[in-house]
Amino acid sequence: GSDSCVLVCARPREGRAEVSSFHVMERSDWSAHAGNIAAELRAQRRSKRFPRQARVVAWALAESARRSDPAVQSLIEPLLAAGFRIQHVLTPPEALAEVARTRPKDPGTAVAWMALNAQGAAIAIVRDGSLLFGRTFAWKYSVDAVGPRAEMLQRYSLVSHLAPELRHVEIDSNQL
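Residues numbered from 1 in each chain as written. Predicted model: local features only at pLDDT ≥ 70, side-chain atom pairs only at ≥ 80, totals over all residues. Heavy atoms only, no water.

Participant: What is the right way to look at the packing of aromatic side chains in this model?
Facilitator: When we look at a pair of aromatic rings, we describe it by the centre distance and by the angle of the planes. Per the stated rule, a full pass over the model turns up 0 aromatic pairs. The ring centre of Phe84 lies 5.9 Å from the NZ or CZ of Arg45, which sits over that ring. (Phe/Tyr/Trp six-rings, centres within 6.5 Å; stacked < 30°, edge-to-face > 60°. Lys NZ or Arg CZ within 6 Å of the ring centre and 35° of its normal.)

Participant: How do you make sense of the sheet that holds strand β6 (residues 120-127) when you look at a structure like this?
Facilitator: Where strands meet in a sheet, backbone hydrogen bonds hold them as pairs that are either parallel or antiparallel. In space, the 3 strands of this open sheet follow the order β5-β6-β7, with antiparallel pairing throughout. Of all strands in the sheet, those bounded by a partner on one side alone are β5 (110-116) and β7 (130-138). Adjacent strand axes in the sheet meet at a mean angle of 15°, parallel and antiparallel pairs treated alike. Contacts from helix α4 (residues 92-101) reach β5, β6 and β7 within the one sheet, and its direction differs from that of β6 by about 45°. Of the strands in this sheet, β5, β6 and β7 are in contact with helix α5 (residues 150-166), which crosses β7 at around 135°. (Pairing = 2+ DSSP bridges. Helix = DSSP H or I, 4+ residues; strand = E, 2+ residues; numbered from the N terminus. Axes fitted to C-alpha atoms, helices over the stretch in contact; angles between N-to-C directions. Contact = heavy atoms within 4.5 Å.)

Participant: Is there a simple way to explain unusual backbone geometry in this structure?
Facilitator: With the exception of glycine, the majority of residues adopt a negative phi angle, and the majority of peptide bonds are in the trans configuration. With a phi angle near 55°, Arg49 is a residue other than glycine that sits in the positive phi range. You can see Arg49 is positioned in the loop between α2 (37-47) and β3 (53-57). What makes Arg49 exposed here is its relative accessible area of 73%. In this structure, Asp128 takes a positive phi of about 50° despite not being glycine. Checked against the element boundaries, Asp128 lands in the loop between β6 and β7. Note on Asp128: relative accessible area 46%, which makes it partly exposed. (Buried < 20%, exposed > 50% of the residue type's maximum accessible area, 1.4 Å probe, protein only.)

Participant: Would you take a moment to explain the packing of α2 against helix α3 (residues 70-81) for this structure?
Facilitator: Relative orientation and spacing of two packed helices are given, respectively, by the angle between their axes and the distance between those axes. Close contact between α2 and α3 brings their axes to 7 Å; oriented N to C, the two are set at 55°. If you check the angle between α2 and α3, you find them oblique. The chirality of how α2 crosses α3 is right-handed. Only Pro78, Leu79 and Ala81 of α3 make contact with α2, whose side of the interface consists of Ile37, Ala38, Leu41 and Arg42. (Parallel < 35°, antiparallel > 145°, perpendicular 65-115°, else oblique. Left-handed = near helix turned anticlockwise from the far one by under 90°.)

Next up, the structure:
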């Protein structure tokens, strides 16, 4: 998301992802290490034994962005300086399609995948490993919500954001 960086070491294992290490850097961490974010990322890479090879999922990435775009370069610059070798820079729907490829397949069946963070959601409709539809959109999530119905309110909020976005799905019925 726009206010965090999550490092994850995951490998596909028997139809699921096996996570061996992870580290979350929130906005406050960025501020604390503003002078040298790359040094903090490098320290985490070494201490938690993250592999140098990395795939970057960038929530702020436009669908049409290319790795050579200045916006993409500024996103990955601290990671490169920390010693990571960036294999791919992906949008969240592209990343969801990558995850879908690791799952057991039901040939010919389209499956919807979704990822959430506090600022947005991503939807991917994948069939046989191919991304048929992908969309990333903003939504509001209040981490400070309290009260007996706060969780239910958050769920309704998500549905109210998700339903209109799903209306944008225009896949030829022959593709499904």
